[in-house]
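Structural overview for review
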Amino acid sequence: MLVSDILKAKGSDVVSAASAISVADAAKLLAEKRIGSVLILDGKRIAGILSERDIVRTLAAEGPSCLDGPVQRIMTAKVITCRPDQTISEVMEMMTRHRFRHVPVVEDGAVAGMVSIGDVVKWRLEEAQEEVRQMAAYVSGT
Ligand code: AMP
């Protein structure tokens, strides 16, 4: 199963924002869209990724004054991405190794989608259920 299979089902829309928006506005965006991270774009170039965890961590360290500052100050600038032709297992391995739950998909230098840990778990579960169905059919000879 490939990353492109996930994108076929969920589409290639990615919620993004500019690095100048405030942390408060980014928090509103995450809440409105019911997502855990927003990709920060500088035009079409990936400038960073901001997760709800970055906001919580900075709030705990600095207090509410951080909400007025730009997301650029608290985002992760070095973003790890994947390609549509990579397997879902590879992306799971990336998420486990780096301890994050979001991986932007990049194809030919352009953002082509976002894969979250929720997507990965859903697809792995369906794959496992299909394996069980096939095993049961094999054992029963149907
Ligand atoms: P998450 O678990 O995805 O909410 O993010 C945990 C931490 O990893 C946060 O500091 C994020 O900014 C960072 N992060 C999330 N996704 C990525 C990614 N694809 N590449 C690099 N850092 C990331």
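My aim in this report is to walk through the structure given alongside it, one point at a time. Remember, predicted model here, so these are calculated numbers, not experimental data.

**Looking at the overall build of the protein chain**
When helices and strands are tallied, the protein chain shows 5 helices and 5 strands. Element order for the protein chain, N to C, with α for helix and β for strand: α-β-α-β-β-α-α-β-β-α. Each principal axis of the C-alpha atoms in the protein chain carries an extent, and together these give about 65 × 35 × 25 Å. Looking at the protein chain as a whole, 37% of its 142 residues qualify as buried. For the protein chain, long-range pairs separated by at least 24 residues make up 54% of all intrachain contacts whose partners lie at least 6 apart in sequence.

**Section: the site of the ligand**
Taken together, the neighbourhood of the ligand is formed by 14 residues, with Ser51, Asp54, Thr76, Arg101 and His102 sitting nearest. Measuring from an oxygen atom of the ligand, one finds a side-chain N or O atom of serine 51 at 2.6 Å. At a separation of 2.7 Å, an oxygen atom of the ligand approaches a polar side-chain atom of threonine 76. Look at the ligand: alone it shows 470 Å² of surface, and the protein chains cover 93% of it. Its atoms largely coinciding with the cavity grid, the ligand occupies the largest pocket. Of all elements in the fold, only strand S3 (45-51), helix H3 (52-62) and strand S4 (102-107) reach the threshold of two or more residues within the shell around the ligand. Each residue belonging to the shell around the ligand can be placed in one class, and the counts come to 6 nonpolar, 3 polar and 5 charged.

**Here we look at the pairing of S4**
Counting buried residues along S4, 5 of its 6 residues qualify, which places the element largely inside the surrounding structure. Direction of pairing for S4 relative to strand S5 (residues 110-116): antiparallel, over a ladder of 6 bridges. Bridge pairing in S5 places valine 105 opposite glycine 113.

**Concerning the side chain of threonine 58**
By secondary structure assignment, the location of threonine 58 is in helix H3. Given the relative accessible area of 10%, threonine 58 is considered buried. Engagement of the side chain of threonine 58 in a polar contact is seen with the backbone oxygen of aspartate 54, the distance being 2.7 Å. Each residue touching threonine 58, except ones within four places of it in the same chain, is listed here: Gly63, Cys66, Arg73 and Ile74.

**What to know about the sheet that holds S3**
Pairing is mixed across the open sheet formed by 3 strands, whose spatial order is S1-S2-S3. A strand with exactly one partner marks an edge of an open sheet, and here the two such strands are strand S1 (16-18) and S3. On average, adjacent strands in this sheet sit at an angle of 35° to one another, irrespective of strand direction. Here S1 pairs with strand S2 (residues 37-42) via 3 bridges, running parallel. The residue of S2 that forms the bridge with serine 16 is leucine 39. Sitting on the sheet, helix H2 (residues 23-33) is in contact with S1, S2 and S3, with an inclination near 130° to S2.

Conventions we followed
- Residues numbered from 1 in each chain as written.
- Predicted model: local features only at pLDDT ≥ 70, side-chain atom pairs only at ≥ 80, totals over all residues.
- Heavy atoms only, no water.
- Helix = DSSP H or I, 4+ residues; strand = E, 2+ residues; numbered from the N terminus.
- Buried < 20%, exposed > 50% of the residue type's maximum accessible area, 1.4 Å probe, protein only.
- Contact = heavy atoms within 4.5 Å.
- Near = heavy atom within 4 Å.
- Polar contact = N/O pair within 3.5 Å; in protein donor to acceptor, adjacent residues only side chain to side chain.
- Areas by Shrake-Rupley, 256 points an atom, 1.4 Å probe, with all protein chains shown as cover.
- 1 Å grid on protein atoms, 1.4 Å probe; cavity = no way out; pocket = protein on both sides within 12 Å on 5 of 7 lines; lining within 4 Å.
- Sits in = over half its atoms within 2 Å of the grid points.
- Nonpolar A, V, L, I, M, F, W, Y, C, P; charged D, E, K, R; others polar.
- Pairing = 2+ DSSP bridges.
- Axes fitted to C-alpha atoms, helices over the stretch in contact; angles between N-to-C directions.

What is shown is where atoms sit, not what they do.
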